[in-house]
Amino acid sequence: MTDRTRKPIRLALAAGALSLALGSLAAPAFAQRDPAYEAARQSGQVGEKTDGYLGVVGGASPGLRKMVDDINIKRRALYAEKAQAAGATLQEYAFTAGCLAVARTAPGEKYQAPDGSWQTRTSAPPVRNPKCP
């Protein structure tokens, strides 16, 4: 197996670890501590972006922008740490995290489609980038 074929395998394994981290550790750190995040998510003011970061849907108050920026700073730090451990770039890791975050959205939540448009999740699977693992 060459290094080129090992990289997708390492990213997939790292993505699984990230999914666990975001689900068990990072989600409480980023979201559950802040009822404003849950309210913004449920009201469709924020959504998951394809690049692994949280995005503002439409206009944003300074408070909402600050909250989103803070969450994204924490995500970037986690991605950087996990990417280094997986032998991947930050961008590769963040993209994989974005694929997972979009897949985990619940009906009614916003997510960014591959074309950049904001979509509202239905009971059907979200539209994801074909390059997603």
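Above: the structure in question.
Since this is a predicted model, take the numbers as computed values, not measurements.

Here's the deal with the overall build of the protein chain
Regarding its fold elements, the protein chain presents four helices and four strands. Mapped from its N terminus to its C terminus, the protein chain presents α and β elements in the order α-α-β-β-α-α-β-β. When contacts within the protein chain are restricted to residue pairs at least 6 apart in sequence, those whose partners lie at least 24 apart make up 50%. For the protein chain, the computed accessible surface area is about 7300 Å², with 57% contributed by carbon and sulfur atoms.

Looking at the packing of helix α2 (residues 35-42) against helix α3 (residues 62-86)
One can describe the packing of α2 onto α3 by two numbers: an axis separation of 11 Å at closest approach and a directional angle of 105°. When the axes of α2 and α3 are compared, the pair comes out roughly perpendicular. Together, Ala-36, Tyr-37 and Ala-40 of α2 and Leu-64, Met-67, Ile-71 and Arg-75 of α3 make up the contact between the two elements. Classifying every residue of the contact of α2 with α3 by side-chain character gives six nonpolar, no polar and one charged.

A look at the state of the cysteines
A complete count under the given rule lists one disulfide for this structure. Here Cys-99 engages in a disulfide with Cys-132; their sulfurs sit 2.0 Å apart. Between Cys-99 and Cys-132 the disulfide shows an S-S torsion of about -80°. By sign, it is left-handed. Taken together, the positions of Cys-99 in helix α4 (residues 90-103) and Cys-132 in the segment after β4 (118-120) put the pair 33 residues apart, joining distant regions of the chain. Residue Cys-99 is classed as buried on the basis of its relative accessible area of 3%.

Quick word on the sheet that holds strand β1 (residues 46-48)
Reading across the sheet, the four strands line up as β2-β1-β3-β4 and stay open at both edges, with mixed pairing between neighbours. Looking at the sheet topology across the chains shown, the edges are occupied by β2 (54-56) and β4. Averaged over all pairs of adjacent strands, the angle between strand axes in this sheet comes to 40°, irrespective of strand direction. The sheet strands contacting α2 are β1 and β2, and the helix crosses β1 at an angle near 80°.

Things to note about the nonpolar core
Judged by nonpolar contacts, Tyr-37, Ala-40, Val-46, Leu-54, Val-56, Leu-64, Met-67, Val-68 and Ile-71 together constitute the single largest core of nine residues. With four residues, the single largest contributor to this core is α3. Setting aside residues no more than four positions away along its own chain, Val-56 makes contact with Gln-45, Val-46, Leu-64, Arg-65, Val-68 and Trp-118. The next biggest cluster of nonpolar side chains, apart from the first, holds seven residues, and it includes Tyr-79, Ala-83, Tyr-93 and Ala-97.

Rules used throughout
- Residues numbered from 1 in each chain as written.
- Predicted model: local features only at pLDDT ≥ 70, side-chain atom pairs only at ≥ 80, totals over all residues.
- Heavy atoms only, no water.
- Helix = DSSP H or I, 4+ residues; strand = E, 2+ residues; numbered from the N terminus.
- Contact = heavy atoms within 4.5 Å.
- Areas by Shrake-Rupley, 256 points an atom, 1.4 Å probe, with all protein chains shown as cover.
- Axes fitted to C-alpha atoms, helices over the stretch in contact; angles between N-to-C directions.
- Parallel < 35°, antiparallel > 145°, perpendicular 65-115°, else oblique.
- Nonpolar A, V, L, I, M, F, W, Y, C, P; charged D, E, K, R; others polar.
- Disulfide = S-S within 2.5 Å.
- Buried < 20%, exposed > 50% of the residue type's maximum accessible area, 1.4 Å probe, protein only.
- Pairing = 2+ DSSP bridges.
- Core = buried A, V, L, I, M, F, W, Y, C linked by side-chain atoms within 4.5 Å.

These results come straight from atomic positions and should not be treated as a statement about function.
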